[in-house]
Amino acid sequence: AATALSAVALSAAHAEDLTIGFSQIGSESGWRAAETKVSKIEADKRGIDLKIADAQQKQENQIKAIRSFIAQGVDAIFLAPVVATGWDAVLAEAKEAEIPVVLLDRTIDTPDESLYLTAVTSDTVYEGKVAGEWLAEKTAGKCAIVELQGTVGSSPAINRKKGFDEAIAVHAEMKIIRTQSGDFTRAKGKEVMESFLKAENGGKNICAVYAHNDDMMIGAIQAIKEAGLKPGSDILTISIDAVPDIFKAMADGEANATVELTPNMAGPALDAIIAYKKDGTVPPKWIQTESRLYLPDTAAAEYDARKDLY
Ligand code: GZL
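This one's a predicted model, so the numbers in the text were calculated from it and none came from an experiment.

A. Structural detail: the overall build of the chain. Broken down by element type, the chain carries 11 helices and 12 strands. On C-alpha atoms alone, the chain measures out to a radius of gyration of 21 Å, which is about the 19 Å that the 2.2 N^0.38 rule sets for 310 residues. Along the three orthogonal principal directions, the C-alpha set of the chain runs to about 70 × 40 × 35 Å. For the chain, the proportion of its 310 residues judged to be buried stands at 53%. Taking all contacts inside the chain whose residues are at least 6 apart in sequence as the whole, residues at least 24 apart take part in 74%. As presented, the chain carries roughly 13,000 Å² of accessible surface, and 54% of it is formed by carbon and sulfur atoms. When the 33 positive and 46 negative side-chain charges of the chain are each reduced to one mean point, those points stand 4 Å apart.

In structure tokens form, the structure reads like this:
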């Protein structure tokens, strides 16, 4: 019993000692802000000192933050990579310093997978597929779609487009007639949607909007209403993140569907790092979080369930 007790005490003490540097992208969306909030909660639960650096969506600021964490000699680094490329050099410096790196909610393109211990993300290709399949069913395979893409070069934008394109490819009369990045923000999403509406006969040619996140969709909904059309009926909406405001829009009949993305990527990441540091347990390369479709029938309840977290 004594040995077991000391092991438990050791592991608890060990978690207490851990300091982790988190290079966070910014606060570009409601989901991102919630992910940051949840990261702090999850770290506090485990007695871990989590130092969060906000990069204002700039890769150079993330690289600077990683170098600073290496200089501080943190026990591990969390990275939510704003784009998928350009990380090999700085992650090689972390590897050289023997500091394990965990990717949160986005992935990187690299020939050297040893540059990170594990990635905690949803399946963003699947999210795009779910969105495309829902729209195909809703419109019986006939729809002129405008697409608001996420941040150019980010893994969720690349993957959510890939999954959606594959899902609609089997329907000859489902076409993306306009596509542009709204950088995952409400403001840009509204601005791009305004240009789509102007270019498409005031929106009369548009059957649906597919937005890679709910925040861009919230902006698009405002633009559609200002153009005198009804979002959710004149123009259908499908987006991803499952943030409270999209559930509010669904409950008000102004949005049709969203695909869940949990903001709790840090919990599984912290558990993986504790196990790795404590007993050398090597986690799988990908720790996948669940994604599922939500429709208006449960919107009011889902809004209540989430509102305090955002
Ligand atoms: C996806 C995540 C995206 C969210 C956006 O995993 O990286 O970043 O969908 C956020 O809301 O900007």
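B. Up close: the nonpolar core. Formed by 73 residues in total, the largest nonpolar core has its most connected members in Ile 77, Phe 78, Trp 87, Leu 91, Met 193 and Ile 246. Sorting elements by how many residues they give to this core places helix α8 (residues 214-226) first, with 7 residues. Residues contacting Ile 246, with those up to four places away along its chain left out, are Asp 214, Met 217, Ile 218, Ile 221, Ser 239, Ala 255 and Thr 258.

C. Main features of the packing of helix α7 (residues 186-199) against α8. For the pair α7 and α8, the least separation of the axes is 7 Å and the interaxial angle reads 40°. Classified by the angle between their axes, α7 and α8 sit oblique to one another. The hand of the α7/α8 crossing is right-handed. The residues of α8 that touch α7, namely those facing Arg 186, Gly 189, Lys 190, Met 193, Glu 194 and Leu 197, are Asp 215, Met 216, Ile 218, Gly 219, Ala 220, Gln 222, Ala 223, Ile 224 and Glu 226.

D. A look at unusual backbone geometry. One non-glycine residue, Asp 105, lies in the positive phi region at around 65°. Here Asp 105 shows up in the loop between β4 (101-104) and β5 (118-122). Positive phi outside glycine occurs at Asp 183, with the angle close to 55°. Mapped onto the fold, Asp 183 is located in the loop between β7 (173-181) and α7.

E. Just the environment of Leu 135, in detail. Structurally, Leu 135 can be placed in helix α5 (residues 124-138). Those residues in contact with Leu 135, other than ones at most four positions away along the chain, are Cys 143, Ile 145, Phe 164, Met 174, Ala 208 and Leu 236.

F. Here's a closer look at the sheet that holds β7. Read across the open sheet, the 6 strands follow the order β7-β6-β8-β9-β10-β12; overall the sheet is mixed. Single-partner strands in this sheet number two, and they are β7 and β12 (293-294). Strand direction decides the pairing type here: strand β10 (residues 257-260) and β12, joined by 2 bridges, are antiparallel. For Thr 258, the partnering residue across the bridge sits in β12 and is Tyr 294. Its contacts with the sheet place α5 against β6 (142-149), β7, β8 (208-211), β9 (236-241), β10 and β12, and it is angled at close to 160° to β9. Strands in contact with helix α6 (residues 155-169) are β6, β7, β8 and β9; relative to β7, the strand with the most contacts, it is inclined by about 165°.

Conventions used here
- Residues numbered from 1 in each chain as written.
- Predicted model: local features only at pLDDT ≥ 70, side-chain atom pairs only at ≥ 80, totals over all residues.
- Heavy atoms only, no water.
- Helix = DSSP H or I, 4+ residues; strand = E, 2+ residues; numbered from the N terminus.
- Rg over C-alpha atoms; globule rule 2.2 N^0.38 Å.
- Buried < 20%, exposed > 50% of the residue type's maximum accessible area, 1.4 Å probe, protein only.
- Contact = heavy atoms within 4.5 Å.
- Areas by Shrake-Rupley, 256 points an atom, 1.4 Å probe, with all protein chains shown as cover.
- Lys, Arg positive; Asp, Glu negative; His and termini not counted.
- Charge placed at Lys NZ, Arg CZ, Asp CG, Glu CD.
- Core = buried A, V, L, I, M, F, W, Y, C linked by side-chain atoms within 4.5 Å.
- Axes fitted to C-alpha atoms, helices over the stretch in contact; angles between N-to-C directions.
- Parallel < 35°, antiparallel > 145°, perpendicular 65-115°, else oblique.
- Left-handed = near helix turned anticlockwise from the far one by under 90°.
- Pairing = 2+ DSSP bridges.

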